[in-house]
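Coordinates in review
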Amino acid sequence: HHVWRCLSLVYGFSNFGAYCMIHVYTLAFFLNIKALFSLALPALSDPDGDPCRRTYCGRGRQCVLMAETGRAECVCQEKCRPSFVPVCGSDGRFYENHCEVYRTACLERRRIYVVHSKDCFFKGNACTMSEYNKLKSMLLDMQPKVLKVGEQNQQRDMEEKRALVDTMFKYLDANQDGRLISDELEKVSISMKEHLEDSLLECTMQDLLRYDDYNNDGHLSLHEFYTAFQVVQLSLAEDQRISVSTVTVGLSAVLTCAIQGTLRPPVIWKRNGIILNFLDLEDINDFGDDGSLYITKVTTIHMGNYSCHAYGYEDLYQTHVLQVNVPPVILVYPETQAQEPGVSASLHCHADGIPNPKLLWLKNGMDLQPRSSKQLSLIANGSELFIGSVRYEDTGAYTCIAKNEVGVDEDISSLFVEDSAKKTLANILWREEGLSVGNMFYVFSDEGITLLQPSECEIRRHMKRTERIVATYEEMCPKGEGVSPQHCVWSSAVNIRDKYIYVTQPLQSRVLVVDIQAQKVVQAVATDPFPVKMLYDKSHDQVWVLTWGDMDKTHPTLQVIPQASVGEVHHAIRTTFQRVNDFFIPPTNLIITHVRFAFVFLKNEPAVHKIDLETLHRVKTISLKNYSCIPVSMAYTHLSGFYFIQCQTKSLLAPQQLLIDSVTDAVIGPNLNVTGQAFVSPDGRYIVTPDPQSSKLIVQTVSFQGELSLNQEIDEPVAVSDLVFQPSFTESNQHVAVATSGSGTDLLFADLSSGHTEVLRSLKQPLAPQAWPWGGPNRVVVSSGLFGQYLVTPSAESLFVLNGKQRTPHCEVSDIKRGNTIVWVGEV
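Residues numbered from 1 in each chain as written. Predicted model: local features only at pLDDT ≥ 70, side-chain atom pairs only at ≥ 80, totals over all residues. Heavy atoms only, no water.

In the annotation of an unreviewed UniProt entry, the chain is listed under the name Follistatin-like 4 and assigned to Oreochromis niloticus. Check the Subcellular location (unreviewed entry) section of the UniProt entry for the chain; it says "Secreted". (UniProt positions renumbered as here; feature names shortened; annotations may be inferred.)

Counting 51 residues, the largest nonpolar core has Trp 269, Tyr 306, Val 608 and Ile 645 as the members making the most contacts within it. Ranked by the residues each element gives to this core, the list is headed by strand β42 (residues 642-648), at five residues. Counting 28 residues, the second largest nonpolar core, distinct from the first, contains Phe 169, Val 188, Cys 203 and Phe 225. (Core = buried A, V, L, I, M, F, W, Y, C linked by side-chain atoms within 4.5 Å. Buried < 20%, exposed > 50% of the residue type's maximum accessible area, 1.4 Å probe, protein only. Helix = DSSP H or I, 4+ residues; strand = E, 2+ residues; numbered from the N terminus.)

Moving on, we come to the pairing of strand β51 (residues 747-751). Within β51, five of the five residues are buried, which leaves it mostly tucked inside the rest of the structure. Judged by which residues are buried, β51 turns out to be covered on both faces: Leu 747, Phe 749 and Asp 751 on one side and Leu 748 and Ala 750 on the other are all buried. Hairpin connection, strand β50 (residues 735-741) to β51: the antiparallel pair is bridged by five residues. Sheet topology places β51 next to strand β52 (residues 757-760); four bridges connect them, and they run antiparallel. Looking across to β52, one finds that Ala 750 is bridged to Thr 757. Linking β51 to β52, which pair antiparallel, is a turn of five residues; within it Gly 755 sits at a positive phi near 85 degrees. (Pairing = 2+ DSSP bridges.)

Burial analysis of strand β31 (residues 510-515) places six of its six residues in the buried class, which makes it a mostly covered element. Neither face of β31 is left uncovered, since the one carrying Arg 510, Leu 512 and Val 514 and the one carrying Val 511, Val 513 and Asp 515 both have all their residues buried. Direction of pairing for strand β30 (residues 500-505) relative to β31: antiparallel, over a ladder of six bridges. If you follow Ile 501 over to β31, its bridge partner there is Val 514. Connecting the antiparallel pair β30 and β31 is a turn made up of four residues, with Ser 509 showing a positive phi of about 55 degrees. Where β31 meets strand β32 (residues 520-526), six bridges bridge the pair, whose relative direction is antiparallel.

Looking now at the pattern of salt bridges. The final tally for this structure, using the stated rule, is 23 salt bridges. Residue Glu 238 pairs with Arg 241 through a salt bridge whose shortest N-O separation is 3.1 Å. Glu 393 is paired through a salt bridge with Arg 391; the nearest N and O atoms lie 3.5 Å apart. A cluster of three or more residues bridged by salt bridges with shared partners is formed by Lys 610, Lys 620 and Asp 665. (Salt bridge = Lys/Arg side-chain N within 4 Å of Asp/Glu carboxyl O.)

Attention now goes to unusual backbone geometry. The general pattern is negative phi for most residues beyond glycine and trans for most peptide bonds. Looking along the chain, the bond that leaves Tyr 333 and enters Pro 334 is cis, with omega of -10 degrees. You can see Pro 334 is positioned in the loop between β17 (313-333) and β18 (336-339). Ile 354 connects to Pro 355 through a cis peptide bond whose omega is -5 degrees. The residue Gln 519 is not glycine, and still its phi comes out positive at about 55 degrees.

Our next topic: the sheet that holds strand β26 (residues 440-445). Taken in spatial order, the four strands make up an open sheet running β28-β27-β26-β57, and their pairing is antiparallel. Edge positions in the sheet fall to β28 (458-464) and β57 (821-825), since each has one partner strand and no second. Across the sheet, the mean angle from the axis of one strand to that of its neighbour is 20 degrees, orientation sign disregarded. Relative to β28, strand β27 (residues 448-453) runs antiparallel, the two sharing six bridges. Within β28, the residue paired with Gly 448 across the bridge is Lys 464. (Axes fitted to C-alpha atoms, helices over the stretch in contact; angles between N-to-C directions.)

By the secondary structure assignment, Arg 241 is in the loop between β8 (233-235) and β9 (242-248). In this structure Arg 241 comes out as partly exposed when scored by relative accessible area, which is 31%. Each C-alpha atom, one on Arg 241 and one on Gln 318, is 4.8 Å from the other, the two residues being 77 residues apart in sequence. Contacts of Arg 241, omitting those with residues within four sequence positions, involve Leu 236, Leu 316, Tyr 317, Gln 318 and Thr 319. In terms of polar contacts, Arg 241 uses its side chain to reach the side chain of Glu 238, at 3.1 Å. (Contact = heavy atoms within 4.5 Å. Polar contact = N/O pair within 3.5 Å; in protein donor to acceptor, adjacent residues only side chain to side chain.)

In structure tokens, the structure reads:
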């Protein structure tokens, strides 16, 4: 019963399952066993009878008694029992039962065996799958072709194929009802026989129904006809061409491609034009069966645009815009302050986050109402809480709260209002520690080290060049042979967590370690000759030092001083990198607190080498050869993860600026027409490039969707030597760029949100470039931290303190020669 039910399904051209086949083959098995026993049992019962009873001929053969000899011989079976147990032979033909397979093998004298394939079950004739595919190819070739013009691609080929299949379907559909039935196909089969090869005569147009009528409704629709001829059909809803997704940092993200269609090829994902599917990426390492893109741990570098399309069909694509939200991270200043009644007090609050956080203040846990009070005022969207004239009742804990869509953060700034004669603990801590040790500029000049408190323009301490190093009792600046008069030569300095300052002495081939608390030089770390540049890797507490070997840079090396903030004897470790021209370590900020990689440029090599900061080993080399770019400097924004490479080229063209995507480490290409060195604001939102060709500041912004765009071009009347960013004192999360001139006396303030500029003049001439041979700017400008309003810039023989809030000169400190190495120490 089950067998015949299965066979009816087969002949009805339905898909049959394993259940049916089990019954079919089980029946066949028992029929063969029965046949074997019918041959063997008589021989056992009658051994002395007919010789054929003692002869087994095997499958497909039968025993006959030869009349001439009287011997039994095996010959091919004349016929098989009329049983219908359908099977497929290895020759691709359909057989009614197993006996017919082996009888045919005997007759044709070749090995034919049963195969478990469903092809011939669908047909019931000798049209094999390969012949059927040939038939379809011939049908396409018989259609009139459009003359091909120009280079072909997969998409255009498919469009042409679809047009041919459309034409064929209309021709076959005699009654134009949008479906092909058996009669319509049979009429065409008769007329086509003369055009078909002999090998294809077993295949007819009706085999289209046998193979490709997937829903078994007895006719072919246009959709089924497309599928039969492998016509790819793709679609994308108009409202899904751009999809915007938002995910919180640290979570995973799944981007699903909305392109649908029959026979859709694999989905290809791109970022900045770079194909992601075949890259071995750390965070983008899985593509789902449905073509989805998986980002396992989202960071701010992953924001930006991703596009998907079916392989070979680039013209139809979907764009995914990924915004990465970041909960607020807050910082207040000062944590504690003590004021006398009647003076003013400011409490500062800064928060980074995506979207921009909103700030509000509480006093002792209660909401503040500054609008109804002449005493209190909020400045720059709550970034500053200003108390005009403090009273005793203003003492309290002031809580700044930052909120955005994905989180909240808060911190407390305490204010004590009291008579200074009482000298409470809070008063002592604030006045003694807060002002005497921190919140000062350390200026390294010919005469030694000057500690300058900017608000009072007061020199708190001067370490003369003859002062002794604590550990060795050597002079801080020993007199060299033939050098007269004796003076200090510095080139680079870094602040190590407000505990130490490391500063290079190129002519002494060493780095001095200054203890900030003790205000003394405590150690000299020997290095290779001529250490000229340092950067502090805060993530791994190590200082990287570039040495030249000599003034001609003939033997440059790269060295690392580990455990830089630990109070012990330090030493420099030489790395394996030779011919080093420069290096770059991305900065940290409130949001990005850990950096994993540095980059090294080798002399005259068009490439940057990516270095693991933990192991100091090279991870990969990013070639810039296609752009003839020898890297000069780098900058980085953690928003979308762009690197900006300043190039030096041998051509007469202006050196271009290249973009590298840190997600793929691939070169995206030129950054518009921007040339020169890029400077990136601490929050990563502004990229400012002084253009050496046009005397303009090119200002670009990175949106929270990761889009890099040209914001404005600001007239720049100075030949920029150095540039720093100060927070805006009127708007939260905005910045002012401050730029010095390397050849003149002017200094530029440029408001990046409005483009408004102001110029300070008559700051005296800077050091001549030849008087500062150590690379980098010949006139630096250094700001006093996140909350500070003061800046310092040197001239050849003095130092200027500027009030960045008022954009005016604050004071000039004379008798500081070549003070071009400056470090800020302090919370603000």
